[in-house]
Amino acid sequence: GEVTAYAEGFTNIIDIGFGDDGRLYVLELVSGGLLNVNPDDPATAAGALIRVEADGTHTEVQTEGLVFVTGLAVLDDGFYVSNFGVMPGAGQVVRVDQ
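Residues numbered from 1 in each chain as written. Predicted model: local features only at pLDDT ≥ 70, side-chain atom pairs only at ≥ 80, totals over all residues. Heavy atoms only, no water.

Draft legend 1. Focus on the sheet that holds strand β7 (residues 92-96). Read across the sheet, three strands follow the order β5-β6-β7 without closing on themselves; strand pairing throughout is antiparallel. Two strands lie at the open edges of the sheet, namely β5 (71-75) and β7, each paired on one side alone. Within this sheet the neighbouring strands show an average axis-to-axis angle of 20 degrees, counted without direction. Judged from the five bridges that link them, strand β6 (residues 78-83) and β7 form a sheet pairing that is antiparallel. Across the sheet, N83 pairs through a bridge with Q92, a residue of β7. (Pairing = 2+ DSSP bridges. Helix = DSSP H or I, 4+ residues; strand = E, 2+ residues; numbered from the N terminus. Axes fitted to C-alpha atoms, helices over the stretch in contact; angles between N-to-C directions.)

Written as structure tokens, this is what we have:
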């Protein structure tokens, strides 16, 4: 079939999910781009959880505390994100409230 863009304008998408509200949630591995990560500055490895509104605009749900994220689950009680997912032994699952 035909391929059309549903949502666009993201950087390093690693996972997506739809909420009960019908909106798309996009998880970005490194929101500033992989080539911009500076090992001496952990802030450059920040990920982002983004909600796509009905009109296509993006709203950041969470960026703080998300670093090298690798997976997303959208549940009734919040979002579960795998954090530090590319760092051996440092991985964790965090919950982001809705």
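Draft legend 2. Fine view of unusual backbone geometry. Positive phi values are uncommon outside glycine, yet F68 reaches one of about 45 degrees. Turning to its location among the elements, F68 is positioned in the loop between β4 (58-62) and β5. For F68, a relative accessible area of 18% gives the class buried. The residue F84 is not glycine, and still its phi comes out positive at about 55 degrees. With respect to the helices and strands, the residue F84 is situated in the loop between β6 and β7. The exposure class assigned to F84 is partly exposed, which follows from its relative accessible area of 24%. (Buried < 20%, exposed > 50% of the residue type's maximum accessible area, 1.4 Å probe, protein only.)

Draft legend 3. Molecular detail of the pattern of salt bridges. Counted by the stated rule, this structure contains five salt bridges. One salt bridge connects R23 with D21, and the closest N-O pair in it is separated by 2.9 Å. Residue class for R23 comes out partly exposed when judged on its relative accessible area of 27%. D21 gets classed as partly exposed once you look at its relative accessible area, which sits at 39%. Close ionic contact of D77 with R95 constitutes a salt bridge, the shortest N to O distance being 3.9 Å. Within this pair, whereas D77 is found in the loop between β5 and β6, its partner R95 is found in strand β7, the two being separated by 18 residues in sequence. Judged by its relative accessible area of 47%, R95 falls in the partly exposed class. (Salt bridge = Lys/Arg side-chain N within 4 Å of Asp/Glu carboxyl O.)

Take it as geometry only, folks, not as evidence of what the structure does.
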